[in-house]
Amino acid sequence: MNEWEKHREEANRQRGYSESYLSAIKRRLNLQTIGAYIREGSNKTIIDNDSFQEREASAFSTLEELLTEKYGKDETDEIISHINAYIVVIQEIYFSLGMKAGATLHCKLTDNFETDI
């Protein structure tokens, strides 16, 4: 939570503002929070506001530094190539599962025009 959000939250608390159920739902509606809930059952997550590219670059540089420190440059390149091969398979699986989940959700939401559930 940045300084402005902390300030706004404190000001709201001083005025006696309590969060409505709609504002609580809106606060939780983001993919990072939903993903944490699905993976871990967690209601709390730290939102990362960096772009996808920034998050990937940060994670990769941390991994590369750790491996280079432990194994040296030559071994690091070989290890990273094996990691990349593994990650490609995992990405394809998660993408396929996400597409199936989205298609299933779409069908469930639109298959009955008589109700809204």
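Draft legend 1. Structural detail: the pattern of salt bridges. Tallying each qualifying case throughout the model produces three salt bridges. As a salt-bridge pair, lysine 73 and glutamate 64 come within 3.8 Å of each other at their nearest N and O atoms. Taking relative accessible area as the criterion, lysine 73 reaches 47% and is therefore assigned partly exposed. Overall, glutamate 64 belongs to the partly exposed group, its relative accessible area being 26%.

Draft legend 2. Here's a closer look at helix α4 (residues 52-71). Here α4 is 20 residues long and its end C-alpha atoms lie 28 Å apart, about the 28 Å a rise of 1.5 Å per residue gives. Note on α4: the residue one or two positions beyond its end, glycine 72, has a positive phi of about 90 degrees.

Draft legend 3. A look at the layout of surface pockets. In this structure, the largest pocket encloses a volume near 1300 Å³. Around the largest pocket, the lining comprises 24 residues; the ones closest to its centre are Arg39, Phe52, Arg55, Gln91 and Tyr94. Within the residue set of the lining of the largest pocket, elements represented by two or more residues are α3 (31-40), α4 and α5 (73-110). In terms of residue count, α5 provides more of the lining of the largest pocket than any other element does, 12 residues in total.

Draft legend 4. Representation of the side chain of threonine 76 in the model. Structurally, the position occupied by threonine 76 is in helix α5. A distance of 2.6 Å separates the side chain of threonine 76 from the backbone oxygen of glycine 72, its partner in a polar contact. Ignoring any residue separated from it by four or fewer positions in sequence, one finds threonine 76 in contact with Glu64, Leu67, Thr68 and Tyr71.

Draft legend 5. Quick peek at the confidence of the model for the protein. Put simply, the protein has an average pLDDT of 84, and 89% of its residues get 70 or more. For the protein, helix α2 (residues 21-28) is the element with the lowest average pLDDT, namely 69, and α4 is the one with the highest, namely 95.

Draft legend 6. The packing of α4 against α5, seen in detail. Contact geometry of α4 with α5 gives a least axis separation of 8 Å together with a crossing angle of 135 degrees. By the criterion of interaxial angle, the relationship of α4 to α5 is oblique. By crossing handedness, the relation of α4 to α5 is classed as right-handed. Between α4, through Phe60, Leu63, Glu64, Leu67, Thr68 and Tyr71, and α5, the contact on the second element is made entirely by Lys73, Glu75, Thr76, Ile79, Ile80 and Ile83. The residue inventory of the contact of α4 with α5, partitioned by class, reads seven nonpolar, two polar and three charged.

Rules behind the numbers
- Residues numbered from 1 in each chain as written.
- Predicted model: local features only at pLDDT ≥ 70, side-chain atom pairs only at ≥ 80, totals over all residues.
- Heavy atoms only, no water.
- Salt bridge = Lys/Arg side-chain N within 4 Å of Asp/Glu carboxyl O.
- Buried < 20%, exposed > 50% of the residue type's maximum accessible area, 1.4 Å probe, protein only.
- Helix = DSSP H or I, 4+ residues; strand = E, 2+ residues; numbered from the N terminus.
- Expected span 1.5 Å × (residues − 1).
- 1 Å grid on protein atoms, 1.4 Å probe; cavity = no way out; pocket = protein on both sides within 12 Å on 5 of 7 lines; lining within 4 Å.
- Points joined across faces, edges and corners; volume = space filled by probe spheres on them.
- Polar contact = N/O pair within 3.5 Å; in protein donor to acceptor, adjacent residues only side chain to side chain.
- Contact = heavy atoms within 4.5 Å.
- pLDDT = per-residue confidence, 0-100.
- Axes fitted to C-alpha atoms, helices over the stretch in contact; angles between N-to-C directions.
- Parallel < 35°, antiparallel > 145°, perpendicular 65-115°, else oblique.
- Left-handed = near helix turned anticlockwise from the far one by under 90°.
- Nonpolar A, V, L, I, M, F, W, Y, C, P; charged D, E, K, R; others polar.

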